Each structure stands twice: as structure tokens, then as C-alpha cells.
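Structure at a glance
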Amino acid sequence: HLIKDTSMVTKWGFGMAPFKKEQLSKYKLAFTHVSNFIENKTVSLDLPDQISIIKGFFNRICKQDQWNWFIAFAYIDFPPIKKIEAIVSFLSELRRALLSNDVNKQDIFSSRLVDSGFLEYKNNFFSFDEKKEDEYIYILSRREENDLLKIGRTSRNIIKRVNEINSATGVVYPYSARMAYKVTNSCLADKQVHLALQEFRVRDDREFFKLPFKKACEVIEKCLQKHNLWRE
């Protein structure tokens, strides 16, 4: 992870610092402009710029390299990364179609954005509740040991859960949330995921696993899909 303000890491864990009011307002305005075009074909003068802003919001989640990327992820309620990557691509194409005045492509990529869940994620953004509780599997790590992963479950608010872990005695450097999966049954999902990752487990009585983050995601996603536990 790359970040210049290390005090923010110390306080929040990388990716978990809250949005500033100005940034939230900017994203709300951009979401409004883009969704108005997708739903009603309402064109504002700066619509290409507003699309760029929203593309940047979703790209922030894909790249995972900004101080509040996980908070952005939480605001749209943790959809699969593959869906977010598709939205980034469709937004790019929609912007090109607007700049070239290609009405046919505007319609095509507006429809693809709807099908990809863009409007649902916009609604999640506007209705975000920092106290919301749900069932999750999470992956955490520290910047100093990014291939030692803490993989567990919660049926509560995931951001609060991470903050609780970081508040525990003995945690010198905070854990950062790396990924979250909404699941139908966190207890069962936790059991199946830990079985699937057994060969990487550091100790049988702890939920720490030593493996690359991407590999962990692949194993977890395959496991959740196999057991029909992932609420994609």
C-alpha cells in the first residue's frame, strides 16, 4: 500500500479513514448527474466530468491504494470486485460516447450500467448507515506483514469490528481491511473458508493464514460459491 500520511494509517488502518464532507458532497453530486442520465437521459453540461468523478470512486475500490478505499467499498455495501471493474469499464465507454455524440453507444452503455447494478450501488451510497450490521467474511492484514492474513467472520458492523480489533491490547500497528464478502451465514462460511485455507493456517487455534492476498481471495470466493454462501 502507498500512503504519504502515516498518521492516518496509525489512527485508522490503511483504507479506513472516513470521507471528508467535501468529498462526500462531490460524490453525491456526481452520482446524481450520472444516474439522472442513465435513467432519464438528462444531460448536464459537465456530465463527462461527473462520470470521471464516479469512475474514480469505483476505481479507488479496485486499486485499493487510497486512504479511504475500504470506506468507499462499505458505502456501496461490498459488491464483488469483478462487478466494480465492469462498472469502471462501462463508465469509460459511456464518457467516450458522450464526447463523440454517439447516441447508440450511450444507450448501450447506459443499459450495461443498469444491468451491472450501478443504480443499486448509487442507492446504497445515499442510504449508507455506519451502524448497519450484516453477515460478513473479512480479510485483514497489517502493512508490515501483508501476507499474514487475519481471516474471520462477523455478524455485526464490519468497520466497527475492525476498529475493535485495533483497539485491543497488544496491537501496535493497526490492521487494515483488505476485503469483505457478504454471506448468508457467517458461522458456516467461516468454517468452510477456514477448511479451504487449512494448509496456509499458522496455528490451529488462531485465524491467521500466511499466503498472498490474491490467492486468499481466489480460495475464499471459490469456497463461498461452491457452498452457495456468497451474497453477490
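Residues numbered from 1 in each chain as written. Predicted model: local features only at pLDDT ≥ 70, side-chain atom pairs only at ≥ 80, totals over all residues. Heavy atoms only, no water.

Here we look at the nonpolar core
Heads up, the condition is: To form a nonpolar core, buried Ala, Val, Leu, Ile, Met, Phe, Trp, Tyr and Cys residues must be joined to one another through side-chain atoms within 4.5 Å. When a residue's accessible area, from a 1.4 Å probe over protein chains only, is under 20% of the maximum for its type it is buried; when over 50% it is exposed; and in between it is partly exposed. What counts as a helix is a DSSP run of H or I of at least four residues, what counts as a strand is a run of E of at least two, and both are numbered from the N terminus. The criterion used for residue contact is that any of the two residues' heavy atoms lie within 4.5 Å.
By size, the foremost hydrophobic cluster in this structure holds 72 residues, and its most contacted members are Phe 57, Phe 58, Phe 70, Phe 118, Ile 139, Ile 151 and Tyr 181. Here this core gets eight residues from one element, more than from any other, and that element is helix α5 (residues 81-99). Once residues lying within four places of it in the same chain are set aside, the contact partners of Phe 58 are Phe 31, Ile 76, Ile 84, Ile 87, Val 88, Leu 91, Phe 118 and Tyr 121.

Notes on helix α9 (residues 186-196)
Our working definition: Whenever two N or O atoms come within 3.5 Å, that pair is a polar contact, provided that in protein one can donate a hydrogen and the other can accept it, and provided that, for residues adjacent in sequence, both atoms are side-chain atoms.
Inspection of α9 places Ser 186, Ala 189, Asp 190, Gln 192, Val 193 and His 194 among the buried residues, and these make up the whole buried set. Against the buried residues of α9 lie β1 (136-142), β2 (145-154), β4 (208-210) and α10 (213-226). Sitting at the amino-terminal end of α9 is Asn 185, which places a side-chain oxygen 3.1 Å from the backbone nitrogen of Cys 187.

Brief notes about the confidence of the model for the chain
The condition that has to hold: The pLDDT score gives, residue by residue, the confidence of the prediction method on a 0 to 100 scale.
Put simply, the chain has an average pLDDT of 91, and 93% of its residues get 70 or more. Across residues 1-9, where pLDDT falls below 50, the model places 16 contacts with residues more than four positions away in sequence or in other chains.

Here we look at the pairing of strand β3 (residues 176-182)
Which entries qualify depends on this criterion: The criterion for strand pairing is that DSSP finds at least two bridges linking the strands in question.
A large share of β3 lies buried, amounting to seven of its seven residues. Two strands pair when backbone bridges link them, and β1 and β3 are joined in this way by six bridges, in the antiparallel orientation. In the sheet register, Ile 139 faces β3, and the bridge partner there is Met 179.

What about the packing of helix α2 (residues 21-40) against helix α3 (residues 47-63)?
Our working definition: The axes used here are C-alpha line fits, helices contributing only the stretch in contact, and every angle between their N-to-C directions lies in the interval 0 to 180 degrees. Helix crossings are classified by the rotation of the near helix relative to the far one: an anticlockwise turn of less than a right angle makes the crossing left-handed, while a clockwise turn makes it right-handed. By the convention adopted, Pro, Cys, Tyr, Trp, Phe, Met, Ile, Leu, Val and Ala count as nonpolar, Lys, Arg, Asp and Glu as charged, and the other residues, Gly among them, as polar.
Two elements in contact, α2 and α3, have axes separated by 8 Å at closest approach and are oriented at 115°. In this structure, α2 crosses over α3, and the sense of that crossing is left-handed. Residue-level inspection shows Gln 23, Lys 26, Tyr 27, Leu 29, Ala 30, Phe 31, His 33, Val 34 and Phe 37 of α2 in contact with α3, the latter providing Leu 47, Gln 50, Ile 51, Ile 53, Ile 54, Phe 57, Phe 58 and Arg 60. When the residues that make up the contact of α2 with α3 are grouped by side-chain class, the tally is twelve nonpolar, three polar and two charged.

Topic: the sheet that holds β3
Here we have four strands laid out as an open sheet, ordered β3-β1-β2-β4, and antiparallel in their pairing. Strand pairing shows two members of the sheet lacking a second neighbour, β3 and β4, which therefore form its edges. Taking each pair of neighbouring strands and ignoring which way they run, the sheet shows an average axis angle of 25°. Examined bridge by bridge, β2 and β4 share three bridges and lie antiparallel to one another. Following the sheet pairing, Lys 150 is matched in β4 by Phe 208.

Some points on the pattern of salt bridges
In plain terms, the rule: We define a salt bridge as a side-chain nitrogen of Lys or Arg found within 4 Å of a carboxyl oxygen belonging to Asp or Glu.
Applying the stated criterion across every chain yields a total of eleven salt bridges. For the salt bridge of Asp 134 with Arg 231, the shortest nitrogen-to-oxygen distance reads 2.7 Å. In this pair, Asp 134 is assigned in the loop between α7 (118-126) and β1 and Arg 231 in the segment after α10, connecting sequence segments 97 residues apart. Note on Arg 231: relative accessible area 31%, which makes it partly exposed. If you follow the salt bridges from partner to partner, you end up with Asp 77, Lys 132 and Lys 182 in one network.

Some thoughts on the packing of aromatic side chains
Keep this limit in mind: Only Phe, Tyr and Trp rings take part, Trp by its six-membered ring, and two of them pair if their centres are within 6.5 Å. Stacked means planes under 30 degrees apart, edge-to-face means over 60, and tilted covers everything else.
Scanning the model with the defined rule gives 22 aromatic pairs in all. Between Phe 19 and Tyr 27, the ring centres sit 5.7 Å apart and the planes meet at 70°, which makes this aromatic pair edge-to-face. Exposure class is identical for Phe 19 and Tyr 27. Each is buried. On the numbers, 5.0 Å between centres and 40° between planes, the contact of Phe 31 with Phe 125 is tilted. Linking Phe 31 in helix α2 with Phe 125 in helix α7, this pair joins segments that are 94 residues apart in sequence.

Quick word on unusual backbone geometry
Residue Asp 77 is not a glycine yet carries a positive backbone phi of 70°. By secondary structure assignment, the location of Asp 77 is in the loop between α4 (69-75) and α5. With a phi close to 55°, Asn 228 is a non-glycine residue in the positive phi region. Relative to the assigned elements, Asn 228 resides in the segment after α10. Classification of Asn 228 as exposed rests on a relative accessible area of 63%.

Describing the pairing of β2
Of the strand pairs in this sheet, β1 and β2 are connected by six bridges, and their pairing is antiparallel. Looking across to β2, one finds that Ile 139 is bridged to Ile 151. The turn joining β1 and β2, which pair antiparallel and follow one another in sequence, is formed by two residues.

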